[in-house]
Amino acid sequence: MLKIAYNSSYVLPLPPGHRFPMLKYELIPGQLLYEGLISQDNLFSPEPVSEDVILLTHEQAYWERLRDINLTPPEIRRSGFPLTEQLVSRETIIAQGTIDGCYFAIENGVAFNVAGGTHHAGSNWCEGFCLLNDQAIAANYLLKKNLASRILIIDLDVHQGNGTAQIFYDNPQVFTLSVHAEKNFPFRKEKSDLDIGLEIGIKDDAYLNILDDMLPKVFQDFNPDFVFYLSGVDVLATDKLGHLSLSKEGCKERDRKVLAACKSNKIPVQVSMGGGYSTRIQDIVDAHCNTFRVAADLYF
């Protein structure tokens, strides 16, 4: 069964006019249920992650200031969200959802988190709507528990996974791969194990050809035993913050290539949603739902 982390806390009230499309976290599972692709049995509701697990990834001083709602005003602005206890709780629940998803992925081949993909959070900073790095936390958890020894993080969000790159910069057990728009946020990039910076306006064929050339080499050379996939849909031509020009079908084919590579290599994969900022929320939700549709088609 396809298991999907979802908790009502994923939908956080924001000030009127805030540019983050928080409603998508309610609409994605709603759409999948409406289509009959999933039932309530597919969904599971995670608890908050424990502090000791957070501290495998994030520096204690940063975590304690975040936990105690004591970030500085510049840090709060950098996060992109008003800092509240509700927000911090939400971040801890998302992180545990990704960890729980790892167990389901090991069992079933693939598992999802409706939220997550908070790849701009570094070991001691928040940025770009990311306060705790869910997939980094889960990767360090797997290593600590000896559930994996060679982890590949495939980040295909339009923005570089700078926080993830910084966290694992000197860790040979984790290979960080980021394919992103080069001339886009974050403007100060970190160094992933493999960064592919794309030109503005790249379209489906050119993008997918890059994946065809790169993915088999990465799987063969690194030989991972677990994969995290960040499937941001801000690569769409309709995205306000992305600056690439993929169609929905191109984005869906991207997902198929990644998930098919994991399946053919018999490597479990946990998927977190990442970004999406198209003007019409229907475009965001449909593109995200395509990732679930592809997984259901390939695995179940």
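As the structure is a prediction and not an experimental result, all values here were calculated from the model.

## Some points on the overall build of the chain
1) Next: Within the chain one finds 10 helices and 8 strands.
2) Next: Expressed as lengths along the three principal axes of its C-alpha atoms, the size of the chain is roughly 45 × 40 × 40 Å.
3) Next: Among the 300 residues that make up the chain, the fraction classed as buried is 59%.
4) Next: Taking as baseline every contact in the chain between residues at least 6 positions apart, the subset at least 24 positions apart corresponds to 75%.
5) Next: For the chain, the accessible area works out to roughly 12,100 Å², and carbon and sulfur atoms hold 50% of it.
6) Next: If the 27 positive side-chain charges of the chain are averaged to one point and the 38 negative ones to another, these points end up 3 Å apart.

## Some thoughts on unusual backbone geometry
1) Next: A cis amide bond links Phe185 to the next residue, Pro186, at an omega of -5°.
2) Next: Its location among the elements puts Pro186 in the loop between strand S5 (174-181) and strand S6 (194-198).
3) Next: Despite not being glycine, Asn223 shows a phi value in the positive range, around 55°.
4) Next: Tracing the sequence through the fold places Asn223 in the loop between helix H8 (204-222) and strand S7 (226-230).
5) Next: Unusually for a residue other than glycine, His243 sits at a positive phi of about 75°.
6) Next: Its location among the elements puts His243 in the loop between S7 and helix H9 (248-264).

## Re the pattern of salt bridges
1) Next: Enumeration over the complete set of coordinates arrives at 16 salt bridges.
2) Next: When the shortest N-O distance is used, the salt bridge between Asp255 and Arg254 registers 2.9 Å. Each member of the pair Asp255 and Arg254 is classed as buried.
3) Next: What you see here is one network of salt bridges that share partners, running through Glu35, Lys248, Arg280, Asp283, Asp286 and Arg293.

## Describing helix H10 (residues 281-299)
1) Next: Here H10 contains 19 residues, and its C-alpha end-to-end distance of 27 Å stays within 8% of the 27 Å for a straight helix at 1.5 Å per residue.
2) Next: Of all the 19 residues making up H10, 14 are buried; the element is thus mostly covered by neighbouring parts of the structure.

## A word on the packing of H8 against H9
1) Next: Their axes nearest at 10 Å, the elements H8 and H9 cross at an angle of 10°. Judged by the angle between their axes, H8 and H9 are roughly parallel. Of the residues in H9, those touching H8 at Asp204, Tyr207, Leu208, Leu211, Asp212, Leu215 and Phe219 are Gly250, Glu253, Arg254, Lys257, Val258, Ala261 and Cys262.
2) Next: Across the contact of H8 with H9, the residue classes tally to 8 nonpolar, 1 polar and 5 charged.

## Re the packing of aromatic side chains
1) Next: Per the counting criterion, the structure on display carries 14 aromatic pairs.
2) Next: With a centroid separation of 6.3 Å and an interplanar angle of 65°, the aromatic rings of Phe20 and Tyr277 are classed as edge-to-face. Linking Phe20 in the loop between strand S1 (3-5) and helix H1 (24-35) with Tyr277 in the loop between strand S8 (269-272) and H10, this pair joins segments that are 257 residues apart in sequence. The burial state of Phe20 is the same as that of Tyr277; both residues are buried.
3) Next: Residues Phe44 and Phe104 carry aromatic rings whose centres are separated by 4.9 Å and whose planes lie at 45° to one another, so their mutual orientation is tilted. A residue pair is termed long-range when its members are at least 10 positions apart, and Phe44 in strand S2 (residues 43-44) and Phe104 in helix H5 (residues 85-108) qualify at 60 residues.
4) Next: Geometry around Phe104 places Lys3 over its ring, the cationic atom sitting 5.4 Å from the centre.

## Considering the pairing of strand S3 (residues 110-113)
1) Next: Side chains Val110 and Phe112 project from S3 onto one buried face, and the interleaved Ala111 and Asn113 project onto a second face that is buried too.
2) Next: With 4 bridges connecting them, S3 and S8 associate as parallel partners. Across the sheet, residue Asn113 finds its bridge partner in S8, namely Ser272.

Thresholds, definitions, all that
Residues numbered from 1 in each chain as written. Predicted model: local features only at pLDDT ≥ 70, side-chain atom pairs only at ≥ 80, totals over all residues. Heavy atoms only, no water. Helix = DSSP H or I, 4+ residues; strand = E, 2+ residues; numbered from the N terminus. Buried < 20%, exposed > 50% of the residue type's maximum accessible area, 1.4 Å probe, protein only. Contact = heavy atoms within 4.5 Å. Areas by Shrake-Rupley, 256 points an atom, 1.4 Å probe, with all protein chains shown as cover. Lys, Arg positive; Asp, Glu negative; His and termini not counted. Charge placed at Lys NZ, Arg CZ, Asp CG, Glu CD. Salt bridge = Lys/Arg side-chain N within 4 Å of Asp/Glu carboxyl O. Expected span 1.5 Å × (residues − 1). Axes fitted to C-alpha atoms, helices over the stretch in contact; angles between N-to-C directions. Parallel < 35°, antiparallel > 145°, perpendicular 65-115°, else oblique. Nonpolar A, V, L, I, M, F, W, Y, C, P; charged D, E, K, R; others polar. Phe/Tyr/Trp six-rings, centres within 6.5 Å; stacked < 30°, edge-to-face > 60°. Lys NZ or Arg CZ within 6 Å of the ring centre and 35° of its normal. Pairing = 2+ DSSP bridges.

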